[in-house]
Structure formats: structure tokens, C-alpha cells
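# Observations on chain architecture
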2 protein chains.
Amino acid sequence: MSIELQRVAPAEIEARSMEIITEELGRELDPELAPVIKRVIHTSADFDYADNLVFSPGAVKRGVEAMKNGCTIVTDTQMALAGINKRVLGKFGGEVMNFVADPDVAEEAKRRGVTRATVSMERAAALGRPLVFAVGNSPTALVAIRDLLEAGTLEQPALIIGVPVGFVNVVESKELILELENIPYIVARGRKGGSNVAAAICNALLYLASGDARE
Amino acid sequence: MSIELQRVAPAEIEARSMEIITEELGRELDPELAPVIKRVIHTSADFDYADNLVFSPGAVKRGVEAMKNGCTIVTDTQMALAGINKRVLGKFGGEVMNFVADPDVAEEAKRRGVTRATVSMERAAALGRPLVFAVGNSPTALVAIRDLLEAGTLEQPALIIGVPVGFVNVVESKELILELENIPYIVARGRKGGSNVAAAICNALLYLASGDARE
């Protein structure tokens, strides 16, 4: 078998990928949502996300505004943190935090019989400022966010990106977020998601915020 | 709508997830490959990987041996690096390296009109020792590995994990690896893959190496 590689310059690969995604989608997406949906498909090669992603009204606009205002993004994994474009985020004065790997978070979680993600979201809430949550792994992080909102101990988030992946309570935790009123969210309905998806959504918002030519 | 969360203790979530995956697969996997395939499905909630993953003969055994011997893993993204369990890797004296974010790699790539992934793989080859490559992003990384092997400037790798994701040259780059003879590989055929998949495969091998109860 002879394998032929396409000649595409490094700087052109992403644009060509986005063209292929647009062609294969075979239908028009809502132009406000398209850059987010396409970037998630770009990061996963999984067209299911064209149907899975659910946006609260104005979620993309609110997310872009948050990025422009130099928001704090809180992730539930080191992988999501690693995947977020910190150069662009830093340009706006934003930062990204993750508490899951802190030794005292692990200790407290063990003592209380809860997940590290739960304790991490409590730590984030204690920051006392509007946050973008980027949850790509732990359904318990989404449950904790809902509980903290109900208890009144979490300030209104700028955006909840709820895209944990998996088989136990993942579907249910996302439905909890979809029930919230007046809170902007982007949720991947069903089992699919991941730290890569969470990072891709943050990056799509960052590129929109910076007027980057990338879709 | 009333959403009911299952009561599963934090420590039980992964085991329960693996049970669900086993049930839903509905067929027996090769027992040597099952822990790797199931961990990739666990990280993606995508059962396509039960069919996509291609293993050279003995690849899992060779990968586990490499982990036990304290190998150096080379990734092509910071995300894959972040996702690999460095506690278990460190227990064996292993380490994980990534050259993509180095400023002089970016500079050299730009000057030569190649990708940063290509230059990164050349840097890795220059280490002059057997490596586990964990490629979850860049098809050009796989092309570079093939070219370096043909040129005789790369030592026989312990294992090539070839799971880049995407739309331009991704399918082709993986076919190049599948053509290699006498080199252990684990490849996700087709467009799918990702840094999360690359990390999940490394972790599956690490848990097998450490006799971890996790599948």
C-alpha cells in the first residue's frame, strides 16, 4: 500500500481541518455556537458533539465577555488546565486554577468521604468572585456547584462548562446543570465529554474574545 | 423532572464504570488488550475504540515491561503529559518529557517551515535511549518518527502509541506506523484519538505494571 500525505503547511492545517468539519457537517450551525461546536469536533474528531452540546441562551456571548474581562477559570483536572491557551488568557489578565492536586484537598476529601472534585469546587467558591467553571471529568464537581448555588455560598458563575465524561452519575450531573435558571452554561449532554473538550470550549471562547481568525 | 444520583462511594466509581463498560461491550475482548481498550473507553465514553485500537503482537507486554524498567515517555502535548500518572511512573523511576512548548523548538520549527511536533521528535531521538512515544495530537510527530527510524537516527523505540486526532494527514500518519516491522505499537486507526487517549493508554500500562487492581 502506498500512503500519500497531503502537502499542507503547518499554519494551514487547522484552517483546512475546520473546512473539512464544515463540509462534513452538511448543515448550517447557529453562527453564534458554530465556533465552539467546531472546535470541540476538531479536538475529538467526533461529530456527535454537533448534537450533544447544549447552550443556555447567550452562553457564548457571556463566556466571551468573561474571557475579555480577565476571568478566573477553575478546572477539575490538570489536563484541562494544561490544554487551555494560557498565552491568550494571560493577554486579557485571566488565569486558570485547579485545586484537585493539592495535598490538603485530597486529605479533606478522604476524611469526609467525598471526592477531591467536590472539595475543589468548595475551595473555588471560597474565592468569592465570578468564575468560569471548566469541568471535564468529575460529575461530583457539577453536583457540588449546584449544591453551593443552592446554599448561597457560590457567587453567580460567569459560565459553567459542564462536560464530564463517563458512566456513573455523569448524565445525571449534567441534567442538574441544565435545570439551573439564569446561569449561563455549555453542557455536553450524555456520557461524552472530557478534559480535552473542556479545554477546547475555553479556547474557542478565548479565540472569539481575541478576534483570532481561527474559528 | 426528578434527577436521581446513584450512591456510589468515590473509591468505587471507577470499578463500577469498568463493570458498565464490560456489560455494554457485550463481547469478550482479548484479555491482554482488554485493560487498555477499557481504559480508553473509560476516558472517552466512546465504544468506537473497541474496534479502532490496533496492537502489534505483544505490544501490551512490551509496554508494561518498558514501564517497569523506568522508561522515558515522550509526549507531543502538555495535555498528554498532564494526564499521565506521574506518581506510578515515578515509582518505577520513569519520567515523561515534552519538548513542544520549548521556545527554541518553536523557533527552529518556524525557521524550517515544519511543525513543532517534528522538531520535538528529533530532540527526543537525540536523547539516544529507548523511548515510549505517546502521540495524541500531531500526525507530523508520527511522520517524523518514521523518518528518523528510516534515517537510522532513532533507537528502536520501546513502544509507539500513535493516537493523534484530526482531519489532515491523521489517518495516513497512523497507517505509516502500522507498516513498521518489528516495532511495538498501539494505534487508534482512523481520525479519532487525542491527548486524553494517549494518556489513558500510558496509564493502563502503568497500572498493569504496578499490579494495580484497576483494570
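About the criteria used
Residues numbered from 1 in each chain as written. Chains lettered and ligands numbered in written order. Predicted model: local features only at pLDDT ≥ 70, side-chain atom pairs only at ≥ 80, totals over all residues. Heavy atoms only, no water. Axes fitted to C-alpha atoms, helices over the stretch in contact; angles between N-to-C directions. Helix = DSSP H or I, 4+ residues; strand = E, 2+ residues; numbered from the N terminus. Parallel < 35°, antiparallel > 145°, perpendicular 65-115°, else oblique. Contact = heavy atoms within 4.5 Å. Nonpolar A, V, L, I, M, F, W, Y, C, P; charged D, E, K, R; others polar. Least-squares fit on C-alpha atoms with pLDDT ≥ 70 in both. Buried < 20%, exposed > 50% of the residue type's maximum accessible area, 1.4 Å probe, protein only. Phe/Tyr/Trp six-rings, centres within 6.5 Å; stacked < 30°, edge-to-face > 60°.

## Remarks on the packing of helix H1 (residues 13-25) of chain A against helix H2 (residues 34-44) of chain A
Residue and element names in this part refer to chain A. H2 packs onto H1 with a crossing angle of 105 degrees between their chain directions and a minimal axis gap of 10 Å. Classified by the angle between their axes, H1 and H2 sit roughly perpendicular to one another. Mapping the contact onto sequence places Glu-14, Ser-17, Met-18, Ile-21, Thr-22 and Leu-25 in H1 and Lys-38, Arg-39, Ile-41 and His-42 in H2. Each residue belonging to the contact of H1 with H2 can be placed in one class, and the counts come to four nonpolar, three polar and three charged.

## Considerations on the relation of the copies chain A and chain B
By a simple turn and slide, chain A fits onto chain B: the slide is 0.0 Å along the axis, the RMSD is 0.0 Å, and the turn is 180 degrees. Look at the turn and shift together and you get a two-fold axis relating the two. Nearest to the rotation axis, the C-alpha of Met79(A) is located 2.5 Å from it, this being the minimum over chain A. When the interface residues of chain A are mapped onto chain B, 100% of them are again interface residues, pointing to one common binding face.

## Let's talk about the environment of Ile145(A)
Residues and elements named next belong to chain A. With respect to the helices and strands, Ile-145 occurs in helix H9 (residues 139-151). Residue class for Ile-145 comes out buried when judged on its relative accessible area of 0%. Sequence separation between Ile-145 and Cys-202 is 57 residues, and the spatial gap between their C-alpha atoms is 18 Å. Filtering out sequence-adjacent residues up to four positions away, Ile-145 remains in contact with Met-121, Phe-133, Val-135, Leu-154 and Ile-160.

## Description of the packing of aromatic side chains
This structure, assessed with the given rule, holds two aromatic pairs over all chains. Centre to centre, the rings of Phe47(A) and Phe167(B) are 6.0 Å apart; their planes meet at 85 degrees, and the pair counts as edge-to-face. Note that Phe47(A) is positioned in the loop between H2 and helix H3 (49-52) and Phe167(B) in the loop between strand S5 (159-162) and helix H10 (170-178), a pairing that runs across two chains. Since its relative accessible area comes to 24%, Phe47(A) is described here as partly exposed. For Phe167(B), a relative accessible area of 7% corresponds to the buried category.

All we've got here are geometric facts, nothing functional implied.
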